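# Report on the structure
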Amino acid sequence: MPTIGVEKEDFLRRTGIAKSVTQLELEHLFFDLGLELDDIEEENGKTIFKVDIPANRYDILCIEGLCRAINIFNNKTPDKYTLEGSPFEKIIVEESTAAVRPIVMGAVLRNVTFTEASYESFIDLQDKLHQNLARQRTLSSIGTHDLDTVKGPFRYVARKPEDIKFVALKQEKEMSAPQLLEMYEKDSFMKQYVPIIKEKERYPLILDSNETICSLPPIINGEHSKITLATKNVLIEVTGTDWAKTNIVLDTMVTMFSEYCAVPFKIEPVEVEYYSGKKEITPSLKYWEECVDPEYIRRQIGLPQDVTAETMAKLLSRMGLVSSYIRYENEKIISRIPPTRHDILHPCDIMEDVAVAYDFNKLVMTMPPTNTVAKQLPINKLCDLLRVDVAAAGFCEALTFALVSRADIGEKMGFDKLPAEAVTVSNPKTAEFQVCRTGLLPGLLKTTQANRKLPLPLKLFEVSDVVLKDNSTHTGCRNERHMSALCYSNTSGFEVIHGLLDRVMELLEVPPCEAGSADGYYIKKGSSPTYFQVCADIYLWNEKVGQMGVIHPNTLKAFDLPNPVSAFEINLEPFL
Amino acid sequence: MQNLEWVKLWQPSGSPKIKKTAKFTKQSRRPQKILSEIFAMKELADAKKRKLVDEKKLTVFDMKKSAGFKTTVEKPETELTKDLLANDEWKNKTFKEYNYNATGVRPPHGFLHPLLKLRSAYRNIFLEMGFEEMPTSNFVESSFWNFDALFQPQQHPARDAHDTFFLSEPASALNDPPADYLERVKNIHSHGGFDSKGYGYDWSKDEAMKNVLRTHTTAVSAKMLYKLAQQKEFKPTKYFSIDRVFRNETLDNTHLAEFHQVEGLIADYNVSLADLIGVLHTFFKKLGIEKLKFKPAYNPYTEPSMEIFSYHEGLGKWTEIGNSGMFRPEMLRPMGLPENVSVIAWGLSLERPAMIKYKMNNIRYI
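A quick note: this is a predicted structure, and the numbers were derived from the prediction, not measured. (Residues numbered from 1 in each chain as written. Chains lettered and ligands numbered in written order. Predicted model: local features only at pLDDT ≥ 70, side-chain atom pairs only at ≥ 80, totals over all residues. Heavy atoms only, no water.)

On to the overall build of chain B, then. Of the regular secondary structure elements, chain B holds 12 helices and 12 strands. Counting every position in chain B, which comprises 366 residues, the buried fraction comes to 47%. Accessible area for chain B stands at about 20,400 Å²; split by element, carbon and sulfur atoms hold 52% of it. (Helix = DSSP H or I, 4+ residues; strand = E, 2+ residues; numbered from the N terminus. Buried < 20%, exposed > 50% of the residue type's maximum accessible area, 1.4 Å probe, protein only. Areas by Shrake-Rupley, 256 points an atom, 1.4 Å probe, with all protein chains shown as cover.)

As structure tokens, this is what we get:
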């Protein structure tokens, strides 16, 4: 969820909210709109509201849009965004861009007056759009230029890196593209964008008719055409790999900042001419209409009958969707969706806006008529019963992570490599989460280590899932429910753990039986590098379900345990 | 310094002398106490440093005959024993007074993990409300079920390696989801359909086949709803689950790389947002939480989406306790669920209420 900073005085002036407004009143207002007043900060004598914005509302990612939405919510008529006349500027697209960043769009804002605050907001919105919607500039990126310093028609081309030389924004010297990228790779903010084009054969460029490099998308603009507070005419170009996102980015930029044009909300389009001969007028700035059945809205929300279609249309208009209702055979609501509301994908989004404007908290709650019978999963039912009785037998329940380090299930347990059935994680942030556990025992040994200071004996158990490779499932992995228990004391205490196994079998109603018999459970001498001297395989109905023994001194050392441990681990699924 | 008059200036003739008073003699039994009464401890320490005073410790016993004074040795019994009961011997014995300030002997005991006790409490609430438990025993899920089936676009930040654990082995799912369903999901993402505009991007099957450690149990809900849609006749259903989910986070006071998600959902003809609010009130009331309010929110797979806030009496403010909403038609319709079936759902983490309940400020202590 992005957070934006909004200066208090500017905010109050734009929204006409009284200066005497309390923090609580503001919190309520924001809450009702689905926003959150996260914090109030004092910066250089100014009060800044930090507001959390829902991730799909690109139109309120700046003070201009936020205040517009609040004013409309408070019944102000929304302004209309229009494309002014035919395009004057043109971007000619060369085929070479297709392989690296195929999409370009442009728009011109004429006779703009920037103040320090609006200029800052202009830069800030670009950054917010780059970070969120444009996925760190991979899907689209914005370049803004002082149109009076360059001359159209513009060209969108891709050139070999070594052939690109220009003075980049905030630089003094001319540098080649490889030099620039090398420099940005060391820059903490810029380094994230370098890989987007670094390995490409050619890098994209926006050129003016004099071959001046306006920008090297998605990395940096040229110093030559940079925007200043004095800039009057602004060329906005957006390049990208995703048409829909690029379109939203440009629509958002122009709808927000055309506010500062001499004729507000009038935008001059740019013609984009592709190598194929295809021509596109950008920005699209499209208003579209959606027709929704008021009964659908009423049913989905559970609105009372006295909320008429007319009321719903009024509620929608407060959300920026100018709506009316018509009566033709059935009643219909017609909503006009402005180019700021790209989040509207389906009539359900319109339905939601009715609910938000009506206020969720005013809805009269009801209970669904759904009549069903409760049902537990047999394995969970079994485990919950078993856990209580194991605790009653004097063992303490541990809860350990399902992710462990490679060493935890490999070398520390005495194996020279990772168990073959282990599922491995490709991108763990810490070494503690490299693989899924194949057994519960390593986690219990870690828990013992963390609780060494408690009085002895320490008796722990866990009933939980391990993850194993399994080619018979669609992911190639499956969980298996295990139980493990250990006793940490001055002596190895194998008899304690053996006693618990017997008790568990008694609880699971499995009788002891002769080795080799399928009538119950038995244990038989086994071998494992995890155990020392005493190691037994546990058999249920003549199938091996687990292992028990005295933990090997090497494993004890690896887990930093000075006292001996006996333990068992069994698979609980065959008991079902 | 207090004036206790324990010395007096005495000048019988010529040179003055200091004389002890009677008061001094009487109280000199406890010289240490007197000294500390006269000097503040600091002054005493200073005086000691300057070698103005010498310190001597004296232990004085003041012994008197008590009421039970005897010349024979007899030990009172501490407790009633089997031997004392035999031949009524207890009748001739004296018993020591029990020290009621002593603590009892702790019984040997084990215990259940507090977080899992809370899990049982939630499980019981769902069962009381007639919900059926979903099979969640698969920590590994394909991106398809974890994201794509939920109409979560492939460029969504949650699908970033920063947030989600991907697998190196097995890196991808082995089997495709059913072909016709996969096609419908692909279409809804790239071109829309079922009255939706879609996201308008090139949907990649390879991306959908990538295995992940599930980031939410809603992946399981999606599978269950798909199954439900394949039945001949739709049957209204209430499902719940409580199980582990994984996020690629570095551990700190409020973040864990794995935690438990509690999830409930109801699928029925025409269930509404007002029904969801009613169910949430019933659910949380069983947990002792009465005051709720709902905030509009955004979630890629629910619309409307509501954050659930409860009034925390201790903190004196509204705190977020969970998320809820109605699943989007773009998620349900490609599965094949009838148009007039809606699904209301909510989720919360088990750890967060536990932190509040057990008054912890570090999630790792749980």
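Attention shifts here to the overall build of chain A. Scanning chain A for helices and strands turns up 14 helices and 29 strands. Relative to its length of 576 residues, chain A is extended, with a C-alpha radius of gyration of 33 Å against a globular reference of 25 Å. In terms of overall dimensions, chain A has a C-alpha envelope of 95 × 70 × 55 Å along the principal axes. The burial tally for chain A puts 56% of its 576 residues in the buried class. In chain A, of all internal contacts separated by at least 6 residues, the share reaching a separation of at least 24 is 67%. Within the structure as shown, chain A displays about 25,200 Å² of accessible surface, and the carbon and sulfur contribution to it stands at 50%. Separation of charge centres in chain A, based on 64 positive and 82 negative side chains, amounts to 2 Å. (Rg over C-alpha atoms; globule rule 2.2 N^0.38 Å. Contact = heavy atoms within 4.5 Å. Lys, Arg positive; Asp, Glu negative; His and termini not counted. Charge placed at Lys NZ, Arg CZ, Asp CG, Glu CD.)

Turning our attention to the interface of chain B and chain A. Tallying the contact residues gives 99 residues for chain B and 89 residues for chain A. Counting each side, the surface lost to burial between chain B and chain A is near 7,700 Å², with a carbon and sulfur contribution of 58%. Taken together, chain B and chain A are joined by 46 residue pairs in polar contact (both at pLDDT 80 or more). With 8 residues, the single largest contributor to the side of chain B that touches chain A is helix α10 (residues 273-285) of chain B. Here the residues of the side of chain B that touches chain A sort into 46 nonpolar, 31 polar and 22 charged. (Buried area = accessible area lost by both parts, 1.4 Å probe. Polar contact = N/O pair within 3.5 Å; in protein donor to acceptor, adjacent residues only side chain to side chain. Nonpolar A, V, L, I, M, F, W, Y, C, P; charged D, E, K, R; others polar.)

Our focus in this paragraph is the packing of aromatic side chains. Considering all chains together, one arrives at 33 aromatic pairs over all chains under this definition. Considering the side-chain rings of Phe-401 of chain A and Phe-433 of chain A, the 5.7 Å spacing of their centres and the 85° angle between planes classify their relative orientation as edge-to-face. One end of the pair, Phe-401 of chain A, is in the loop between β20 (396-397) and β21 (403-404); the other, Phe-433 of chain A, is in the loop between β22 (424-425) and β23 (435-436), and 32 residues separate them in sequence. Judged by centre distance (5.3 Å) and plane angle (80°), the rings of Phe-234 of chain B and Tyr-269 of chain B are edge-to-face. With a gap of 35 residues between them, Phe-234 of chain B in the loop between α9 (218-230) and β7 (237-246) and Tyr-269 of chain B in strand β8 (residues 258-269) connect regions that are remote in the sequence. According to the relative accessible area criterion, Phe-234 of chain B is buried, its value standing at 10%. Look at Tyr-269 of chain B and you get partly exposed, because its relative accessible area is 35%. Here Lys-412 of chain A stacks its cationic end above the ring of Phe-559 of chain A, 5.0 Å away from the centre of that ring. Across from the ring centre of Trp-318 of chain B, 4.9 Å away, lies the NZ or CZ of Lys-293 of chain B, which sits over that ring. (Phe/Tyr/Trp six-rings, centres within 6.5 Å; stacked < 30°, edge-to-face > 60°. Lys NZ or Arg CZ within 6 Å of the ring centre and 35° of its normal.)

Residues and elements named next belong to chain B. One open sheet accounts for 7 strands, arranged β3-β7-β8-β12-β11-β10-β9; its pairing is mixed. Pairing within the sheet leaves two strands with one partner each, and these edge strands are β3 (132-133) and β9 (292-299). Bridge count for strand β11 (residues 317-327) against strand β12 (residues 341-349) is 4 bridges, and the pairing is antiparallel. Bridge assignment links Gly-325 to a residue of β12, and that residue is Ala-345. (Pairing = 2+ DSSP bridges.)

To continue, consider the nonpolar core. The biggest cluster of nonpolar side chains holds 124 residues, and the ones touching the most others in it are Phe-11 and Ile-297 of chain A together with Trp-346 of chain B. With 8 residues, helix α9 (residues 347-358) of chain A is the largest single contributor of residues to this core. For Ile-297 of chain A, the residues in contact, after removing those within four places along its chain, are Val-292, Leu-303, Met-312, Ile-333, Met-351 and Val-354 of chain A. The next biggest cluster of nonpolar side chains, apart from the first, holds 35 residues, and it includes Phe-144, Tyr-181, Val-220 and Ala-267 of chain B. (Core = buried A, V, L, I, M, F, W, Y, C linked by side-chain atoms within 4.5 Å.)

Right, let's get into the packing of helix α1 (residues 8-15) of chain A against helix α3 (residues 63-73) of chain A. Residue and element names in this part refer to chain A. Interaxial distance between α1 and α3 falls to 9 Å at its minimum, and their mutual angle equals 40°. Considering how the two elements wind past one another, α1 and α3 form a crossing that is right-handed. Between α1 and α3, the residues in contact are Asp-10, Phe-11, Arg-14 and Thr-15 and Ile-63, Glu-64, Leu-66, Cys-67, Ile-70 and Asn-71, respectively. Split into classes, the residues belonging to the contact of α1 with α3 amount to 5 nonpolar, 2 polar and 3 charged. (Axes fitted to C-alpha atoms, helices over the stretch in contact; angles between N-to-C directions. Left-handed = near helix turned anticlockwise from the far one by under 90°.)

Turning our attention to the sheet that holds strand β1 (residues 3-7) of chain A. All names here are of chain A. Pairing within the open sheet is antiparallel, and its 3 strands lie in the order β1-β3-β2. Each edge of the open sheet is held by one strand with a lone partner, namely β1 and β2 (36-43). The sheet shows a mean angle of 25° between the axes of neighbouring strands, taken without regard to direction. Summarising the sheet, β1 and strand β3 (residues 46-52) pair through 5 bridges and their orientation is antiparallel. From the neighbouring strand, Thr-3 faces β3, where its bridge partner is Asp-52. Docked against the sheet, α1 engages β1 and β3, running at close to 80° with respect to β1.

On to the state of the cysteines, then. Applying the stated criterion across every chain, the model contains 0 disulfides over all chains. Left unpaired, Cys-67 of chain A is separated from the closest cysteine sulfur, that of Cys-62 of chain A, by 9.0 Å. (Disulfide = S-S within 2.5 Å.)

On to a nonpolar patch on the surface, then. Residues Leu-80, Leu-85, Trp-90 and Phe-95 of chain B make up a contiguous nonpolar surface patch of about 400 Å² in total accessible area. Within the secondary structure, Leu-85 of chain B is located in helix α4 (residues 82-85). (Patch = residues over 30% accessible without salt bridge, like charges linked within 9 Å, V, L, I, M, F, W, Y side chains within 5 Å. Salt bridge = Lys/Arg side-chain N within 4 Å of Asp/Glu carboxyl O.)

Here we take up the pattern of salt bridges. With the rule as written, the count across this model stands at 55 salt bridges over all chains. One salt bridge connects Arg-155 of chain A with Glu-94 of chain A, and the closest N-O pair in it is separated by 2.9 Å. Taken together, the residues span a long stretch of sequence, with Arg-155 of chain A in strand β8 (residues 154-159) and Glu-94 of chain A in the loop between β5 (89-93) and β6 (103-109) at a distance of 61 residues. Salt-bridge contacts for Glu-128 of chain B lead to Lys-286 of chain B; the nearest nitrogen and oxygen are separated by 2.8 Å. Residue Glu-128 of chain B is found in helix α5 (residues 114-128), and its partner Lys-286 of chain B is found in the loop between α10 and β9; the two are separated by 158 residues along the sequence. Given a relative accessible area of 40%, Lys-286 of chain B falls into the partly exposed group.

Residue and element names in this part refer to chain A. Segmentation of chain A into domains returns domain 1 (3-73), domain 2 (82-282), domain 3 (288-359) and domain 4 (378-575). Put simply, the middle of domain 1 and the middle of domain 2, counted by C-alpha atoms, are 29 Å apart. Facing the 11 residues of domain 1 at the interface are 14 residues of domain 2. Summed over both partners, the interface of domain 1 with domain 2 buries about 1,000 Å², with 60% contributed by carbon and sulfur atoms. At the junction of domain 1 with domain 2, the criterion picks out 2 salt bridges. Across the domain 1-domain 2 interface, the total number found is 7 residue pairs in polar contact (both at pLDDT 80 or more). Only β1 and α3 provide two or more residues apiece to the side of domain 1 that touches domain 2. Element by element, the count of residues in the side of domain 1 that touches domain 2 is highest for α3, at 4 residues. (Domains from an automatic or database assignment.)

With that settled, consider the pairing of strand β10 (residues 302-312) of chain B. Residues and elements named next belong to chain B. Counting buried residues along β10, 10 of its 11 residues qualify, which places the element largely inside the surrounding structure. Summarising the sheet, β10 and β11 pair through 9 bridges and their orientation is antiparallel. Opposite Thr-302, over in β11, you have Phe-327 as the bridge partner. Hairpin connection from β10 to β11: 4 residues lie between these consecutive antiparallel strands, with Gly-316 at a positive phi of about 70°.

A separate point is helix α13 (residues 494-507) of chain A. All names here are of chain A. Compared with the 20 Å implied by 1.5 Å per residue over 14 residues, the 20 Å span of α13 between its first and last C-alpha is a close match. For α13, every residue scored as buried is listed here: Phe-494, Ile-497, Leu-500, Leu-501, Val-504 and Met-505. For α13, the angular spread of the buried residues around the axis is 140°, confining them to a single face. In α13, the exposed positions angled more than 90 degrees off the buried face are occupied by Glu-495 and Glu-506. The secondary structure elements touched by the buried residues of α13 are α10 (378-392), β25 (477-488), β26 (521-525), β27 (531-540), β28 (543-551) and β29 (565-571). Once α13 ends, the next one or two residues include Glu-509, with phi positive near 60°. (Expected span 1.5 Å × (residues − 1). Arc of directions from axis to C-beta.)

All names here are of chain A. Take Arg-481: it is sitting in strand β25. Engagement of the side chain of Arg-481 in a polar contact is seen with the side chain of Asp-465, the distance being 2.5 Å. With near-sequence residues (within four places) excluded, Arg-481 lies in contact with Ile-379, Asn-380, Cys-383, Val-463, Ser-464, Asp-465, Ile-570, Asn-571, Leu-572 and Glu-573.

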